[in-house]
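Fold and geometry: a report
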Amino acid sequence: MRLGRIARIVIFCALAVSLLPSAFAAPKGDPIKIGAVFAVTGPAAYLGAPEDRTARMVVDEINKDGGILGRPVQLIVKDTGASSEKAISFAKQLIDEDNVVAIIGPTTSGESMAIKDICQKSGVPLISCASAETITTPIAKYVFKVAPKDNYVTEAIYKTMNKMGISKIGVLAANTGFGNGGKAQLEKYAQAYGITIAISEVYDANATDLTALLTKVNATGVQAIVNWSIEPAQAIVAKNMKQLKMTQQLFQSHGFANIKYVAAAGEAAEGIIFPCSRLVVADQLPDSNPQKKLLQKYNADYRAAYKEDASTFGGHAYDSLAIIKAAIESAKSADPAKIAAAIEGVKGLSGTAGIFGFSAQDHNGLQPDAIVMVTVKKGKFVLYEGK
Amino acid sequence: MDGSLFIQYFVSGLTYGSIYAAVAIGFNIIYNATGIINFAQGEFAMLGGMIASSLARSCPLWLAIAAAVVATAVVGVAIERLLLRRVSRFGVLKMIIATIGISIVLRELALAAWGESVRTVPFFTGNEVSSISFLGANFSPQVLWIVGAIALVAVALTLYFKLTLTGKAMRGCSASRDGASLCGISPGRMVAIAFGMSAAIGAFAGCVVAPLTQTHYAIGSTLSVKGFTVAAFGGLGNSVAAIAAGFLLGMLESFSIVVVPEAYKDVVTIVVLLTVLVAKPTGLFGSRAAGALKEY
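The rules behind the values
- Residues numbered from 1 in each chain as written.
- Chains lettered and ligands numbered in written order.
- Predicted model: local features only at pLDDT ≥ 70, side-chain atom pairs only at ≥ 80, totals over all residues.
- Helix = DSSP H or I, 4+ residues; strand = E, 2+ residues; numbered from the N terminus.
- Rg over C-alpha atoms; globule rule 2.2 N^0.38 Å.
- Buried ≥ 20, exposed ≤ 12 C-beta atoms within 10 Å, placed from the backbone.
- Contact = placed C-beta atoms within 7 Å.
- Nonpolar A, V, L, I, M, F, W, Y, C, P; charged D, E, K, R; others polar.
- Domains from an automatic or database assignment.
- Core = buried A, V, L, I, M, F, W, Y, C linked by C-beta atoms within 7 Å.
- Axes fitted to C-alpha atoms, helices over the stretch in contact; angles between N-to-C directions.
- Parallel < 35°, antiparallel > 145°, perpendicular 65-115°, else oblique.
- Left-handed = near helix turned anticlockwise from the far one by under 90°.
- Pairing = 2+ DSSP bridges.
- Expected span 1.5 Å × (residues − 1).

A few words now on the overall build of chain A. Of the regular secondary structure elements, chain A holds twelve helices and 14 strands. For chain A, the C-alpha radius of gyration of 22 Å lies close to 21 Å, the compact-globule estimate for 387 residues. Taken along its principal axes, the extent of the C-alpha atoms in chain A is 75 × 55 × 45 Å. Here chain A holds 387 residues, and the buried ones make up 54% of them. Put simply, of all contacts in chain A between residues at least 6 apart along the chain, 67% involve residues at least 24 apart.

Taken together, the 32 residues of chain A in the interface contact 30 residues of chain B. At the level of secondary structure, the elements contributing two or more residues to the side of chain A that touches chain B comprise helix 2 (45–64), strand 7 (196–203), helix 7 (211–218), helix 8 (233–243) and helix 9 (259–265) of chain A. Looking at the side of chain A that touches chain B residue by residue, the class counts come to 15 nonpolar, eight polar and nine charged.

This part is about the domain arrangement of chain A. Residues and elements named next belong to chain A. Splitting chain A by domain gives domain 1 (32–148 + 292–367) and domain 2 (151–276). For domain 1 versus domain 2, the separation of C-alpha centres amounts to 29 Å. Each partner contributes to the interface: domain 1 provides twelve residues, whereas domain 2 provides 14 residues. Of all the secondary-structure elements, those providing two or more residues to the side of domain 1 that touches domain 2 are helix 2 and helix 4 (109–122). Partitioning the side of domain 1 that touches domain 2 into residue classes produces five nonpolar, five polar and two charged.

With that settled, the discussion passes to the nonpolar core. Core analysis: the largest hydrophobic core is formed by 132 residues, its most contacted members being A:I34, A:A91, A:A102, A:I103, A:I104 and A:I339. Here this core spans two domains, and each of domain 1 (32–148 + 292–367) and domain 2 (151–276) of chain A adds at least three residues to it. Each residue touching A:I339, except ones within four places of it in the same chain, is listed here: A:V101, A:A102, A:P125, A:I324, A:A327, A:I328, A:A331 and A:A334. Residues B:I30, B:M46, B:A56 and B:V209 belong to the second largest nonpolar core, which totals 85 residues.

Another point: the packing of helix 5 (residues 141–163) of chain B against helix 6 (residues 165–175) of chain B. Residues and elements named next belong to chain B. Remark: helix 5 packs on helix 6, axes separated minimally by 5 Å, with the N-to-C direction vectors making an angle of 80°. Considered as vectors, helix 5 and helix 6 are oriented roughly perpendicular to each other. Side by side, helix 5 and helix 6 meet where Y160, F161, K162 and L163 of the first sit next to G167, M170 and R171 of the second. Of the residues assigned to the contact of helix 5 with helix 6, the class counts are four nonpolar, one polar and two charged.

Turning to the packing of helix 2 (residues 41–55) of chain B against helix 4 (residues 92–114) of chain B, a few remarks are in order. Residue and element names in this part refer to chain B. Relative orientation of the contacting elements helix 2 and helix 4 amounts to 20°, with a least axis distance of 10 Å. Considering the angle they form, helix 2 stands roughly parallel to helix 4. Crossing hand, helix 2 versus helix 4: left-handed. Residue-level contacts link E43, M46, L47 and M50 of helix 2 to S103, L106, R107, A110 and W114 of helix 4. Looking at the contact of helix 2 with helix 4, its residues break down into six nonpolar, one polar and two charged.

Further remarks concern the environment of A:V73. All names here are of chain A. The residue V73 is located in strand 2 (residues 73–79) in this model. The class for V73 is buried, based on 23 C-beta atoms found within 10 Å. In sequence terms V73 and I62 are eleven residues apart; their C-alpha atoms lie 7.5 Å from each other. Those residues in contact with V73 that lie beyond four places of it in its chain are P31, I32, I34, V59, I62, N63, G67 and I68.

Right, let's talk about the sheet that holds strand 2 of chain A for a bit. All names here are of chain A. Strands sit in the order 2-1-3-4-5 across an open sheet of five strands; the sheet is parallel. Each edge of the open sheet is held by one strand with a lone partner, namely strand 2 and strand 5 (143–145). Going across the sheet, the axis of each strand differs from the next one's by a mean of 20°, ignoring polarity. Across the sheet, helix 11 (residues 312–331) is in contact with strand 1 (32–38), strand 3 (102–104) and strand 4 (126–128); its angle to strand 3 comes to roughly 160°.

Attention shifts here to the environment of A:Y298. Residue and element names in this part refer to chain A. In this fold, Y298 is placed in helix 10 (residues 292–306). Classification of Y298 as buried rests on a count of 23 C-beta atoms within 10 Å. Residues in contact with Y298, not counting those within four places in the same chain, are A310, G315, Y318 and T352.

Okay, helix 11 of chain A next. Turn by turn, an α-helix covers 3.6 residues, leaving residues three or four places apart pointing in a common direction. All names here are of chain A. Over its 20 residues, helix 11 extends 28 Å from the first C-alpha to the last, a length consistent with the 28 Å expected when each residue adds 1.5 Å. When you tally the buried positions in helix 11, you get 16 out of 20 residues, the bulk of the element. K332 lies just past helix 11 and shows a positive phi near 55°.

Next up on the list: helix 2 of chain B. With 15 residues, helix 2 of chain B extends 22 Å from end C-alpha to end C-alpha; this agrees with the ideal 21 Å at 1.5 Å per step. Burial analysis of helix 2 of chain B places 13 of its 15 residues in the buried class, which makes it a mostly covered element.

Residues and elements named next belong to chain A. Relative to the assigned elements, D79 resides in strand 2. By the C-beta count within 10 Å, which is 20 here, D79 ends up buried. For the pair D79 and F38, spaced 41 residues apart in the sequence, the C-alpha separation amounts to 5.3 Å. If we skip the residues at most four places from it in the chain, D79 touches F38, V40 and T41.

With that settled, the discussion passes to the pairing of strand 7 of chain A. Looking at chain direction, strand 6 (residues 168–174) of chain A and strand 7 of chain A are connected through seven bridges and run parallel. Each bridged residue has a counterpart across the sheet, and for A:A174 the counterpart in strand 7 of chain A is A:Y203.

Listed below in structure tokens is the structure:
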């Protein structure tokens, strides 16, 4: 008797579920398959997890609004754990077995470089969420990226230093693709801005205490320190500096752009200056800013869906999908080659990272003004406007 | 190098050494009781820090730490009783591999339970910007807590193994399992106690270092590697040697920065470690008898 009742409930639920799609105006036809290669777990999970969440959220929203060209979008997410080897095998799988029309991600620069050639040779557009300049320089016809170029970020830091009268700095970087890339950029542009790098050191990304290294940096008499890393080291540098009573101005990379990291560093985060897109200071933007509404909507949607604050990293997934959608719509086709060609024609697209305008010569699409300097005041991000 | 700079590097070395020694002691207790290397040792420290960071939001810090230590000890005993005891008939090597599996499971469970974000435990005194000045060197008051906690654990363990009946029984068991059984000591119970103690010490260490180092689901493997290095460096099975080796390694890491770039820090320590192990395979302070693989 009881089993019978349970069986009836199951049948009822199954029927209800099978009837669900017809209840909404769901998009019909073959789904447009988009692959996503994110480091959802592992050492870059801080970047990959929000990208994964954002991508799922955006695809749900696209499908709710009737899909692209009336076809539903199917997102196939692969978790690489930040391993380049896995990124390669997943990219091949997505292209050869799943026949995706485009790939978004990978999360890290190392993974992006690992699959750049695969996507180029297979003729499947790749929109990387990582920041290294080498991803789009030299240009590969099928490879794009949405994170601002490293040099926009470093130059924004140096311009601020010039205004503050800082000329002698120390550079610290985590021993990762991101850290080494940032360090190379800082070293490359220092001379152009009249800045001397007195000491430049790389540390283990999993370091738990950096007081010895900071003692060495402190002894060189630098005026400011630039740290290029993600969690957990970026909070450790800030804390260790305060514990050593170091008074130099601390600059962080755009990897600091998540309010969670401010919480992790606590009071030690006060006064840190870092370059970043406008997402984290959306509410402080003037109403005339073309990105403001979109940024506020993304922040609110993400918070509602996942009970945590959105980050610029998740924003990269948002922008990638928005660009693919715009490209498919303008090409009126979901053919990979036509999508790649159409991306080069995307202009004036308001995204989370800035206003995108691609061309055959520019596969990043962002201008230096996509970057603003942000500082931490009383545990909150505020636009840095100089002293 | 002037005096204050020397002390500054010394304090850094002391901090690193204490963190490594705390994990190494846990390795040794289990090694003495069972002859296996428990590669989930770092995960005990991770669990301690993570549980304490969650509880500290709603209850006093000391209570959160006590609860984290007890909970992790229960996990430690459960792992021994429910898993390792069942694979013990396959031999020591298989059990060591099983502990690697357990460490992965614990890490994934922590990822599912707490997510990927980095967490902190509140500082015991002051906060992240507090600093104590001593002879021209500056350091966080938490450094004193860490060094004090390790000293406390070392003294408590020594007294426990020398003075209490259970402590003596555990030592007897590690010296001769059959002999201990003949005297009415249950080796199985001693092994369970060893796992509980080792997990508790790991968790305690995890809580004490977490304000400084922060904690996240994947921090265990880093700690395991350093802890095992220190345990092998000092001589497996010898907890006092582990503390000495921890400080040696810590000082080596801290002072090597003066002459080589930070990036080569691990190269220096590994070269020293390999040299010691080639010259004296039982570790700096180990003896051949203690170095022989024990039976479970």
